[in-house]
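Structure assessment
Residues per chain, in single letters:
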Amino acid sequence: MNSDGGNGTVYHVKRGPDGTILSIEDFNLWYSDKQALFNVTMDVEKGLVTALIGPSGCGKSTLLRSVNRMNDLILGLRIAGNMRLNKVDIYSPNVDVIGLRKTMGMVFQKPNPFPMSIADNVVYPLRVDGIRNRKVLEETAEIALKQAALWDEVSDRLHENALSLSGGQQQRLCIARAIAAGPDVLLMDEPCSALDPVATSKIEDLIDELRGRYTIVIVTHNMQQAARVSDNTAFMYLGRLVEYGKASVIFTNPKVEKTREYVTGRFG
């Protein structure tokens, strides 16, 4: 258990058999003088899907983007506390930030395929690393597209411009690109917010398929989606982690009243 700064007790999940891949301890973040995260402590279990939920502005995307240090680009950023990936301090001055980001795949709210072919989109991370072997690139593209449940739809269109795909296909392509280099963690920031219900359902099915192969951390404003796809769920409010536990518990029998109010729709 851990104090959350006066807003009640934060309840934590027990570590699974595979242990913790991402450990966050007393993590604080400021944008200049404005504090956005307060003493966040949680362990993300390897191979599972962890959802971050909470009302707009609660800090869930800020926390997600802290994992791959995307917030570093913001002027006046300041952090305190610890965040470790595979026991390595993410914010150590000795960390190669570019190398760190290569260990994580990132999927954004809106699909962002590059204006190039479908195949070139998928293997772009490998080309950046200097891989030019055609056989390796072709095999990687096929494997990643299959894992992203897109291969059957585009296998005869690999040299077409990725922008010709539908929105849902573009998002699955972005997921294929994110996993092509074999990341340790896949970060998803509201990956379905710009998609229709059919495309959203396909992304949720895909997340279920990727469970176990990758550790997935997903930010979602959709509580029903979090309940469907996540193993563990963290509820955040006003920059604090209020409650963290098994999704089945968070959505049916939360320990904190503020969590109960949110998941039952009384606010947010």
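Scroll up a little and you will see the structure.
Source: prediction; values computed, not measured.

Looking now at the environment of A234. With respect to the helices and strands, A234 occurs in strand β11 (residues 232–237). Along the chain, A234 and G54 lie 180 residues apart, while their C-alpha atoms are 8.4 Å from each other. Not counting residues within four places of it along the chain, the set of residues in contact with A234 comprises M42, A51, L52, I53, L241, E243 and Y244.

Another point: the side chain of K60. Here K60 is to be found in helix α1 (residues 60–67). Despite being buried, K60 has no salt bridge partner; E190 is the closest side chain of opposite charge, sitting 4.6 Å away. At a separation of 2.8 Å, a polar atom in the side chain of K60 contacts the main-chain carbonyl oxygen of G54. With near-sequence residues (within four places) excluded, K60 lies in contact with L52, I53, G54, P55, E190, V219, T220 and M236.

Within the open sheet, the six strands sit side by side as β8-β9-β10-β5-β11-β12. Their pairing is mixed. Strands at the two margins of the open sheet, each flanked by one partner only, are β8 (104–107) and β12 (240–246). Pairwise comparison of adjacent strand axes, ignoring direction, gives a mean angle of 15 degrees for this sheet. Two strands pair when backbone bridges link them, and β8 and strand β9 (residues 185–189) are joined in this way by four bridges, in the parallel orientation. Counted as the bridge partner of M104 is V185 from β9. Seen against the sheet, α1 touches β5 (49–53), β8, β9, β10 (215–219) and β11 and runs at an angle of roughly 150 degrees to β9. Against the sheet, helix α7 (residues 197–210) makes contact with β5, β9 and β10, and its axis sits at roughly 150 degrees relative to β10, the strand it touches most.

The next subject is unusual backbone geometry. The residue N39 is not glycine, and still its phi comes out positive at about 50 degrees. Structurally, N39 can be placed in strand β4 (residues 34–45). Here N39 falls in the partly exposed class, since its relative accessible area comes to 32%. In this structure, A149 takes a positive phi of about 55 degrees despite not being glycine. Here A149 is to be found in the loop between α4 (134–147) and α5 (151–154).

A few words now on the packing of aromatic side chains. Scanning all chains against the criterion turns up six aromatic pairs. Each ring, one from F235 and one from Y237, has its centre 6.5 Å from the other, and the planes form 15 degrees; the classification is stacked. An aromatic cluster is built from F235, Y237, Y262 and F267, whose rings are joined through pairwise contacts. We note R177 situated over the ring of F114; from NZ or CZ to the ring centre the distance is 4.1 Å. When the ring centre of F267 is taken as origin, the NZ or CZ atom of K258, which lies over that ring, is 5.1 Å away.

Here we come to the sheet that holds strand β6 (residues 77–85). Taking strand neighbours across the sheet as the criterion, the four strands line up as β4-β3-β6-β7 in an open arrangement whose pairing is antiparallel. Looking along the sheet, the strands with just one partner apiece sit at the ends: β4 and β7 (88–89). In this sheet, β6 lies alongside strand β3 (residues 20–31) in antiparallel orientation, the contact comprising eight bridges. Bridge pairing in β6 places W30 opposite R78.

This part takes up the packing of helix α3 (residues 118–128) against helix α6 (residues 167–179). In contact at an axis separation of 6 Å, α3 and α6 are set at 35 degrees when each is read in the N-to-C sense. In this structure, α3 meets α6 at a crossing whose hand is right-handed. Packed against α3, whose contacting residues are I118, N121, V122 and P125, the element α6 presents L173, A176 and R177 at the interface. In the contact of α3 with α6, the residues fall into five nonpolar, one polar and one charged.

Reading the values: the criteria
Residues numbered from 1 in each chain as written. Predicted model: local features only at pLDDT ≥ 70, side-chain atom pairs only at ≥ 80, totals over all residues. Heavy atoms only, no water. Helix = DSSP H or I, 4+ residues; strand = E, 2+ residues; numbered from the N terminus. Contact = heavy atoms within 4.5 Å. Buried < 20%, exposed > 50% of the residue type's maximum accessible area, 1.4 Å probe, protein only. Lys, Arg positive; Asp, Glu negative; His and termini not counted. Salt bridge = Lys/Arg side-chain N within 4 Å of Asp/Glu carboxyl O. Polar contact = N/O pair within 3.5 Å; in protein donor to acceptor, adjacent residues only side chain to side chain. Pairing = 2+ DSSP bridges. Axes fitted to C-alpha atoms, helices over the stretch in contact; angles between N-to-C directions. Phe/Tyr/Trp six-rings, centres within 6.5 Å; stacked < 30°, edge-to-face > 60°. Lys NZ or Arg CZ within 6 Å of the ring centre and 35° of its normal. Left-handed = near helix turned anticlockwise from the far one by under 90°. Nonpolar A, V, L, I, M, F, W, Y, C, P; charged D, E, K, R; others polar.

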